[in-house]
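Coordinate analysis (summary)
Listed below are the residues making up each chain.
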Amino acid sequence: MRFADKVLFATGGGSGIAASVARRFTAEGGRVAVADLDEVRAKAVAADLAGAIAVVCDVADEASVQAALQATVDRLGGVDAIFNAGGHAEFGPIEEWSFERWNRMMTVHAGGTFLVCKHALPLLRQRGGGAIVNVASVAAFVAQRNNAPYGAAKAAIAGFSRQLALEAGPDIRVNCIAPGRTHSGMTEPLMVARGGGDVAKGAEAFGQGNIQKRVAAADELAAAVCYLLSDDASFVTGSTMVVDGGETVI
Ligand SMILES: NC(=O)c1ccc[n+]([C@@H]2O[C@H](COP(=O)([O-])OP(=O)(O)OC[C@H]3O[C@@H](n4cnc5c(N)ncnc54)[C@H](O)[C@@H]3O)[C@@H](O)[C@H]2O)c1
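These remarks concern the structure in this document. The structure displayed is predicted, hence computed values, not measured ones. (Residues numbered from 1 in each chain as written. Predicted model: local features only at pLDDT ≥ 70, side-chain atom pairs only at ≥ 80, totals over all residues. Heavy atoms only, no water.)

Moving on: the packing of aromatic side chains. In this structure the tally under the stated criterion is 2 aromatic pairs. Ring geometry for Phe3 versus Phe25: centroids 4.1 Å apart, planes at 15 degrees, classification stacked. Of this pair, Phe3 sits in the segment before strand 1 (7–11) while Phe25 sits in helix 1 (residues 16–27), and the two are 22 residues apart along the sequence. Each member of the pair, Phe3 as well as Phe25, is classed as buried. Ring geometry for Phe114 against Phe160: centres 6.5 Å apart, planes inclined by 75 degrees, an arrangement best described as edge-to-face. Of this pair, Phe114 sits in helix 4 (residues 99–126) while Phe160 sits in helix 5 (residues 148–168), placing them 46 residues apart in sequence. When its relative accessible area of 25% is taken as the criterion, Phe160 is described as partly exposed. One Lys or Arg, Arg101, reaches over the ring of Trp97 and ends 4.1 Å from the middle of that ring. (Phe/Tyr/Trp six-rings, centres within 6.5 Å; stacked < 30°, edge-to-face > 60°. Helix = DSSP H or I, 4+ residues; strand = E, 2+ residues; numbered from the N terminus. Buried < 20%, exposed > 50% of the residue type's maximum accessible area, 1.4 Å probe, protein only. Lys NZ or Arg CZ within 6 Å of the ring centre and 35° of its normal.)

Below is the structure:
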């Protein structure tokens, strides 16, 4: 019960990795605000979890972030931990990217992480400390075809997290995870396409680029995130944990 009496605010909580984190966090005694742009998804995840609430939140909108954090304080009594996973993926040759699309990518990922951290820090300080985990990607560190704006946004998050660790410490720890290919709402359509309609076949093809020759389950990422959110990681701050089945070492 590593999270007894703790409250987590998890963006992107309506799906994929953050939904798995919400499940683990509540299973270990904590309560969670499942924050998502998509209210239906957030409610569906929260409904299955004791001690969870759903809050609508567009991480790219400062007023929405403030309102969602305030709703969490009002309904759950405070915030001890933050997981910043809300986001989207878009691909394509750079010549086909409008400046508007680029800005949206940067605003949701880097901007959203900034906004949630900015407004969460005073709340964590009120509790005497806390933990933040942000989400980069292996795309922050290695080149992937047609993925430059997403990789740039994720590299910004890794850099921001390192800087923020210094500013937020010593009582608030800030870390980052860099997932490799993970089965989630974001990647399932890509797997279906790659597998010619067969998601298992697509997932198998997707997994060939790492040592373990498979994609991750969202729960495997959640295990790493919950480690970083917990006191098990009490001396870990400013780090980026790569969870990619060995993709970036080969
Ligand atoms: N799945 C992967 O292979 C993979 C790899 C590397 C990094 N990531 C990152 O992990 C994080 C979680 O992704 P996932 O794979 O669980 O995807 P997912 O699509 O399953 O979940 C993402 C959630 O974010 C929400 N969201 C999108 N825009 C938002 C916004 N502006 N405000 C609030 N919520 C918003 C969506 O509604 C969705 O519920 C993302 O930051 C993603 O970039 C995923």
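One number sums up the size of the largest pocket: a volume of about 1200 Å³. Along the lines of polarity and charge, the residues of the lining of the largest pocket split into 22 nonpolar, 15 polar and 10 charged. The volume enclosed by the second largest pocket comes to roughly 370 Å³. Around the second largest pocket sit 23 residues that line it, and Gly130, Ala131, Asp171, Arg173 and Asp231 are the ones nearest its centre. For the lining of the second largest pocket, the secondary structure elements donating two or more residues are strand 5 (130–135) and strand 6 (172–179). Here the residues of the lining of the second largest pocket sort into 9 nonpolar, 7 polar and 7 charged. (1 Å grid on protein atoms, 1.4 Å probe; cavity = no way out; pocket = protein on both sides within 12 Å on 5 of 7 lines; lining within 4 Å. Points joined across faces, edges and corners; volume = space filled by probe spheres on them. Nonpolar A, V, L, I, M, F, W, Y, C, P; charged D, E, K, R; others polar.)

Turning to the site of the ligand, a few remarks are in order. Around the ligand, a shell composed of 31 residues is seen, among which Ser15, Ile17, Asp36, Tyr150 and Ser184 lie nearest. Contacts to the ligand include Met186, whose backbone N or O atom sits 3.2 Å from an oxygen atom. Assessed atom by atom at 2 Å from the grid points, the ligand resides in the largest pocket. Those elements that provide at least two residues to the shell around the ligand are helix 1, helix 4 and helix 5. Broken down by element, the shell around the ligand gets its largest block of residues, 3 residues, from helix 4. (Near = heavy atom within 4 Å. Polar contact = N/O pair within 3.5 Å; in protein donor to acceptor, adjacent residues only side chain to side chain. Sits in = over half its atoms within 2 Å of the grid points.)

This part takes up the sheet that holds strand 9 (residues 240–243). With respect to topology, 7 strands assemble into an open sheet ordered 3-2-1-4-5-6-9, the strand pairing being parallel. Lying at the two open borders of the sheet, with one neighbouring strand each, are strand 3 (52–56) and strand 9. Mean inter-strand twist for the sheet, computed between neighbouring axes without regard to direction, equals 20 degrees. In this structure, strand 5 lies alongside strand 6, joined through 6 bridges in parallel fashion. Residue pairing for strand 6: Val135 is matched across the bridge by Ile177. (Pairing = 2+ DSSP bridges. Axes fitted to C-alpha atoms, helices over the stretch in contact; angles between N-to-C directions.)

Once that is clear, we can look at the pairing of strand 4 (residues 81–84). Consecutive residues of a regular strand have side chains that alternate between opposite faces of the sheet. Of the two faces of strand 4, the one lined by Ala81 and Phe83 and the one lined by Ile82 and Asn84 are each fully buried. One ladder, built from 4 bridges, connects strand 1 with strand 4; its direction is parallel. Within strand 4, the residue paired with Ala10 across the bridge is Phe83. In the sheet, strand 4 pairs with strand 5 via 4 bridges, with the strands oriented parallel. Each bridged residue has a counterpart across the sheet, and for Ile82 the counterpart in strand 5 is Ile132.

As a packed pair, helix 3 (residues 62–76) and helix 4 sit with axes 9 Å apart at the nearest point and diverge in direction by 35 degrees. Regarding helix 3 and helix 4, the two cross each other, and that crossing is right-handed. Residue-level contacts link Glu62, Val65, Gln66, Leu69 and Val73 of helix 3 to Leu115, Val116, Lys118, His119, Ala120 and Leu123 of helix 4. For the contact of helix 3 with helix 4, a count of residues per class yields 7 nonpolar, 2 polar and 2 charged. (Left-handed = near helix turned anticlockwise from the far one by under 90°. Contact = heavy atoms within 4.5 Å.)

Mapped onto the elements, Gly30 comes out in the loop between helix 1 and strand 2 (31–36). A relative accessible area of 4% places Gly30 in the buried class. When the C-alpha positions of Gly30 and Leu8 are compared, they lie 7.4 Å apart, and in sequence the two are 22 residues distant. In contact with Gly30, other than residues within four places in its own chain, are Phe3, Ala4, Lys6, Phe25 and Ala50.

Just distances and angles here, no functional claims.
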